[in-house]
Amino acid sequence: MPLYCFIQAQQFGGHSPATKWNQINNDSIRVIFPEGLGLEKQAADIAASVQKLAIQTAPTIGNRLRKISIVLQPYTTISNAYVALGPWRSEFNLMPSQNPFDLGTTLWSHSLALHEFRHVQQFNNFRKGLSRAAYYLFGQDGLSLANSAAVPNWFWEGDAVYQETLKSQQGRGRLSFFFNDYRSLWRANKNYSWMKLRNGSLRDFVPDHYRLGYMQVAYGREKHGPDFWKNVTDDAVRFNGVFYPFQHAIKKYTNITYKEFRKNAINYFKAGSDSLGTDAVSDWAKQQKHFAGDDEFPQWVDANTVVLVKSSYKKIPAFYLRNLTTGTDTRLKTKAISLDNYFSYRNGRIVYAAYEADVRWAWKDYSVIRVMDVHTGRERAITHLSKYFAPDISADGKTIVAVAVQPGGAAGLHILDATTGAVLKKVPNPKQLFYSHPKFYDPQTVVAAVRTTTGENTLALVNINNGSIEELLPLSRRVVGFPSVHGDTITFTAAGHQQDDLLALVNKQLYQVQTPANKGTGNYQWSALNNKAIYTAFTAAGYHLVQESLGAESWQPVSAEAFTQATMTPFDLTGLNLDTPIGVDTTRPYPISRYHKAFNLVNFHSWRPYISDPDYTFSLIGENVLNTLQTEIYFNYNTDEKYKEVGATAVYGAWFPYLTLGVAETFDRKETDTPYRTWNELNGRLGLQFPFTFNSGRLYRQLNISGGINHHQVNYTLASKKRFTNEQFEFFDASVTFTLQSQVAKQHIYPRFGFSLLSRYRQIVNNLNGYQWLTSAALYLPGVARTHNLVITGAYQKRDTIGDYSFGSSFPISRGYPAVNQYSIPDMYKVGFNYHFPLVYPDFGIGNIVYFLRVRGNAFYDYTYLKFFRDNRYLEWRSTGGEMYFDTKWWNEYNVSFGIRYSRMLNQLRGYDPNQWEFILPVNLLGR
C-alpha cells in the first residue's frame, strides 16, 4: 500500500541530443525506439501484438483504427506506461517491476502492449456524437475531456486489465495479489459507499480504480456478453441521455439501474471469494477505525528484535527497530526517496536501492545503492548513475549482490564491494533471465526469483562464479517471490488461489506453512528463526506485522507436481477461458528505418481555454511526439487592465539549454496616473532555459535558470500620441527558480520541510532607463501536529523611479487590500505567516458530482511595506484572517481545491470596509 508514487507521463526535452531514433512503421502503428540498445525484438513483439489485437479484440470495443506512435523509453527506472491525447501518442517505460506479485512475470514490454493498446482502441472508438463535437471545438484535449466526462476512469483501466488478462496466460485478473484490496475490505467488514470507492480517502485505505474497474468490466462481460461494453460506451460517448450518459446506457442494456448493476458486480466477486474462516489479522483490521499504517519487510536482528520500514498516511517511510516482546518501536532514520520499501539487513547494516534523477534529462534516472549503519545512523550512497535494484548484503558484510538492469530491461546480477560499490563480478546470464530480490545462500551462491522471456518463473540457486542455475521448483506461471534465507531454510511467498501463500524449502524439500493467522488475503516477506515466524499480512488497515510460533504441525510437505498444478486463478470467468492468448513474437521480420527528429515537429493538436484570473486565454497548442518542441498561438484578455494580447511562443528542448522564442502584441494598455497614458506594445523574445533536477537522498530539488533578450516597442495611442514619443528598446530578462522539499505522506498538506525561491530581474539595455527586480520565497516548516504546516512567505521588489518604462508586476500585497498601482512604488517588501491544518475528512459526496476529501484551514498574518522615495513617504499594510479550503473531486475524476478567505485590514483605507471576504480558486479548471 504505497503512500507515494512516481507518476511519469510526458517528459519535455527528456533525451540527450545525441540520441538517435529508429522505428517500425506500418499502416496501423509506429514504434519509435533509441538505436544501439538492442530494442528491435521488443519493438517487433509490440508491433506484432498490436496488429493481432487490432483484429482479435476490436469487436468488443469497435472497429475504428487510427495510427498511433508508441515511444519506447529505456532509460528510466520507473515501471509505467500511458496512452493519451494532446498529442496522440503512447510511451512505454521498459523497466520491469521487481515485485512479481503486483504485475506478474509476463515479459514486461509484451504486457504493456496488451494493456496499453486497449486504451488506443478505446480512444479510437470514442470520437462520436458530442465527443466528436468537443474534438472539433477544442481538438484532442477537448476530446479527452469529453471522453473522461462520459466514461468513468474505472472503465478505462478495468477494460485494459481485462484485455491483458484475456490475451495472456497471466495478467492481473489471474493474480490473487490484485484482489487483496477488496478481499481485505470484505473480511474487515468495511463497507464503503460507492462514491468513496470511486474517489478514495485521505484517512482510510480504498482500492484503486483498476481493481474496481476490473470487477465491473469482467462482470458485465460475463453476464451480458462480449458486445455489452461496446454498446454501453458507444451510447455514453455520444452523450445519449445527456446527463449521466454512462449510467443511462447501462440501464438501457441491462434493464436494471446503474446502482443495482455495480452492486451486483461487487457481490459477484465477493461471493466468489472462498470463506477462509476468521483470522486474527482481519480481526485486527476490524478494530482499526482508519488506516493504521504499513509495517514492511521485517528482518531479524536477534530472537527478540526485528528491523522494518514503517509508514502511514501521516508519516513518510522510515526504518525502525521493534521489540517483539513489548511491541515498542525505536525510530532509526528516514528512508531516502525510493521506488519501493524493500531493503536487506545483515549484522548491523541496512542496504537498499534509492531513486536519483538525472541532473539534465527528464527521461533518464537512476537507482543507487545506499548502505546505513544501524548503530551510528551513518548512511551513504556507494554507487552513482547506476540502475541497481533489490540489493542484499553478505553474512560477512563485505559484498553486496544486486540486480543490475540495463536500458531496455535486460537484467544481470552484480557482486559489489560493500564499502566502495566497485563491481567485483558480473554474473553470466546466458539464458537472459530476469532476477528479483536475490539473497545470499552461501558465499558462492545466490537464491533469487527468476523469470524467463516466455513469462515462466521459479526460485533458483545461482552460482555467482559461472552463472549456472539450479531450479528449486519447476518452471511455471505460479508467481513466486520475496525469498529469505536462514541456514538451510529458504522461505518465500507463492501466488495462491484465494491468497498468496507462505512456503519454505528446507534442504530443498518443499513445505507449505500453516499458521493460525495465515488465513487472510496475502502474506509476504516472511522468515523463520528459532521456531518463530514473522511476516507482513495485507489488511484493510495496512500491511500488518505478524509474529507466530511454528510447531511440527505448521510444516505441511508439498510435492513439486502439486505445487505447479495448484489452481491460482482467483475467479474462473467463462469469458477468459474462451480466448487464445497472444504469445510473445519477436521473430517477425519488420523493417527497421530511421525516425527523423524533425518529423511532424510543429504538431498543433488542441485549442485550449485557460483561466488564471485576471487573465483569460484561448490558445492553439502543439507538441511533437518526442516532446522536443512546444508551440502556442494565443489570445489573452486581462480583466484588471482591460488589455488584449495576441502572441506566439515556442520552446525547443532537444538541445541543452532549451531555446525559447516568443512574440506578442498587446493592445489598449493604460496607466491612470497623471499624466494619463494609453499605448500598444510589441515584444519579441529570444532566450535560453537551463532546467536542472537534483532529486536524491531524502530531498527533491529543482533549479531553473533562464534568461533572454527582448525587443520591445511602445506605440502610444489616442491622446497620448501627442504627449509622448513612441519608444523602442531592448531589455534583458533573467530569472532563477529553486525548490527544495522533503517527501510527503498522504495527509500532508505541504512538505514538513521545504523551500522555494523565485528571483527575476529585468533591465533596459539601450535608449531608455528602467529596471525591476522581484524576489519571493517561501519556507515550509512542520507544525504542532504531523499534518500541520507553518509556512513563512516573503517578497521584495525594487524598481527605478525614472519612469521611462514600467515593467508589469506580480508583487503580492497583504491579503484583503485592493490592488495597488505598483508602477509608482519603487521599493516594497512583504512577509506573511501561515499556519495550515486539517479540520475534517468528510469522505462525503453529492450525486456523483462532487466529493469532499478534506476541509482544511489556514490562519495568516501579512505585513507589506511600500516606500515612495520622492517625498520620503511610506505605507504599512497589515492584515490578518483565516482561510478555509475544500479539497474535492468533481465527477469522480478531477481534483479541485477551492476556498473562502476572511481578511481584516489592520490599517484602514478610506472607502474600504476593513472586513473583506473572497472566494479562492487556486486551481485552474479548464487548463488541465
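Note that the structure is a prediction, hence the values are computed from the model and not measured.

Caption draft 1: Up close: helix α12 (residues 280–287). Turning to α12, its buried residues number three or more, namely Val281, Ser282, Trp284 and Ala285. Along the long axis of α12, the arc covered by the buried residues comes to 155°, so they all point the same way. In α12, the exposed residues that point more than 90 degrees away from the buried face are Ala280 and Gln287.

Caption draft 2: Region of the structure containing helix α8 (residues 209–224). Helix length check: α8, at 16 residues, gives a terminal C-alpha distance of 21 Å against a target of 22 Å (1.5 Å per residue), a fit within 8%. Taken together, the buried positions of α8 are Arg211, Leu212, Gly213, Tyr214, Met215, Gln216, Val217, Ala218, Tyr219, Gly220 and Arg221. The secondary structure elements touched by the buried residues of α8 are α2 (100–103), α5 (153–166), α6 (180–187), α7 (194–199), α9 (228–237) and α11 (258–272). Taking the backbone nitrogen of Tyr210 as reference, a side-chain oxygen 3.0 Å away marks Asp208 as the first, capping residue of α8. Backbone geometry just after α8 places Gly225 at a positive phi near 90°.

Caption draft 3: Just the nonpolar core, in detail. If you look at the biggest cluster of nonpolar residues, it comprises 110 residues, and the most contacted ones within it are Tyr214, Trp229, Phe246 and Phe269. Discounting residues that sit within four places of it in the chain, Tyr214 has contacts with Gly158, Val161, Tyr162, Thr165, Gly173, Phe178, Phe179, Phe269, Leu573 and Leu576. Membership of the second largest hydrophobic core comes to 19 residues, among which are Val405, Ile415, Phe434 and Val446.

Caption draft 4: Highlighting a nonpolar patch on the surface. Judged by side-chain polarity, Leu839, Val840, Met884, Ile900, Trp917, Phe919 and Leu921 come together as a nonpolar surface patch covering roughly 710 Å² of accessible area. Sorting the residues of the nonpolar patch by element identifies β42 (827–840) and β47 (915–920) as the ones contributing at least two each. The residue Leu921 is located in the segment after β47 in this model. We classify Leu921 as partly exposed; its relative accessible area is 44%.

Caption draft 5: Structural context of the side chain of Lys196. Looking at the secondary structure, you find Lys196 in helix α7. Of note is the side chain of Lys196, whose polar atom sits 2.6 Å from the side chain of Asp204. Within polar-contact distance, the side chain of Lys196 engages the side chain of Asp843 at 3.1 Å. The residues contacting Lys196, other than those within four sequence positions of it, are Ser201, Asp204, Val206, Asp843 and Tyr851.

Caption draft 6: A look at the packing of helix α3 (residues 108–125) against α5. Axis separation between α3 and α5 bottoms out at 8 Å; the angle between their running directions is 130°. Between α3 and α5, the interaxial angle falls into the category oblique. Note that α3 runs across α5; the crossing there is right-handed. Contacts between α3 and α5 involve Leu114, His115, Phe117, Arg118, His119, Gln121, Gln122 and Phe123 from the former and Phe155, Trp156, Glu157, Asp159, Ala160, Val161, Gln163 and Glu164 from the latter. Residues of the contact of α3 with α5, tallied by class, amount to seven nonpolar, five polar and four charged.

Caption draft 7: Looking closely at the sheet that holds strand β22 (residues 480–486). Sheet architecture is open: five strands sit in the order β22-β23-β24-β25-β29, paired in antiparallel fashion. What marks the edges here is a single partner per strand, and that holds for β22 and β29 (555–557). For this sheet, the mean inter-axis angle between neighbouring strands, taken without regard to orientation, is 30°. Across six bridges, strand β23 (residues 489–494) lies against strand β24 (residues 501–506) in antiparallel orientation. If you follow Ala494 over to β24, its bridge partner there is Asp501.

Caption draft 8: Seen up close, the pattern of salt bridges. The full count for this structure, using the stated rule, is 36 salt bridges. In this structure, the salt-bridge partner of Asp585 is Lys52, at a minimum N-O distance of 3.9 Å. One end of the pair, Asp585, is in the loop between α13 (560–565) and β30 (593–595); the other, Lys52, is in helix α1 (residues 40–56), and 533 residues separate them in sequence. Under the relative-accessibility criterion, Lys52 is labelled partly exposed at 27%. Asp392 is the partner of Arg346 in a salt bridge, and the nearest nitrogen-oxygen pair spans 3.5 Å. Of the two residues, Arg346 sits in strand β10 (residues 344–346) while Asp392 sits in strand β14 (residues 388–393), which places them 46 residues apart along the sequence. According to the relative accessible area criterion, Arg346 is partly exposed, its value standing at 22%.

Caption draft 9: Region of interest: the environment of Gln556. Mapped onto the elements, Gln556 comes out in strand β29. Between the C-alpha atom of Gln556 and that of Arg172, which follows or precedes it by 384 residues, the distance is 28 Å. The residues contacting Gln556, other than those within four sequence positions of it, are Leu510, Tyr511, Gln512 and Gln514. For Gln556, the side chain forms a polar contact with the main-chain oxygen of Glu553, separated by 2.6 Å.

Thresholds applied
- Residues numbered from 1 in each chain as written.
- Predicted model: local features only at pLDDT ≥ 70, side-chain atom pairs only at ≥ 80, totals over all residues.
- Heavy atoms only, no water.
- Buried < 20%, exposed > 50% of the residue type's maximum accessible area, 1.4 Å probe, protein only.
- Helix = DSSP H or I, 4+ residues; strand = E, 2+ residues; numbered from the N terminus.
- Arc of directions from axis to C-beta.
- Expected span 1.5 Å × (residues − 1).
- Contact = heavy atoms within 4.5 Å.
- Polar contact = N/O pair within 3.5 Å; in protein donor to acceptor, adjacent residues only side chain to side chain.
- Core = buried A, V, L, I, M, F, W, Y, C linked by side-chain atoms within 4.5 Å.
- Patch = residues over 30% accessible without salt bridge, like charges linked within 9 Å, V, L, I, M, F, W, Y side chains within 5 Å.
- Areas by Shrake-Rupley, 256 points an atom, 1.4 Å probe, with all protein chains shown as cover.
- Salt bridge = Lys/Arg side-chain N within 4 Å of Asp/Glu carboxyl O.
- Axes fitted to C-alpha atoms, helices over the stretch in contact; angles between N-to-C directions.
- Parallel < 35°, antiparallel > 145°, perpendicular 65-115°, else oblique.
- Left-handed = near helix turned anticlockwise from the far one by under 90°.
- Nonpolar A, V, L, I, M, F, W, Y, C, P; charged D, E, K, R; others polar.
- Pairing = 2+ DSSP bridges.

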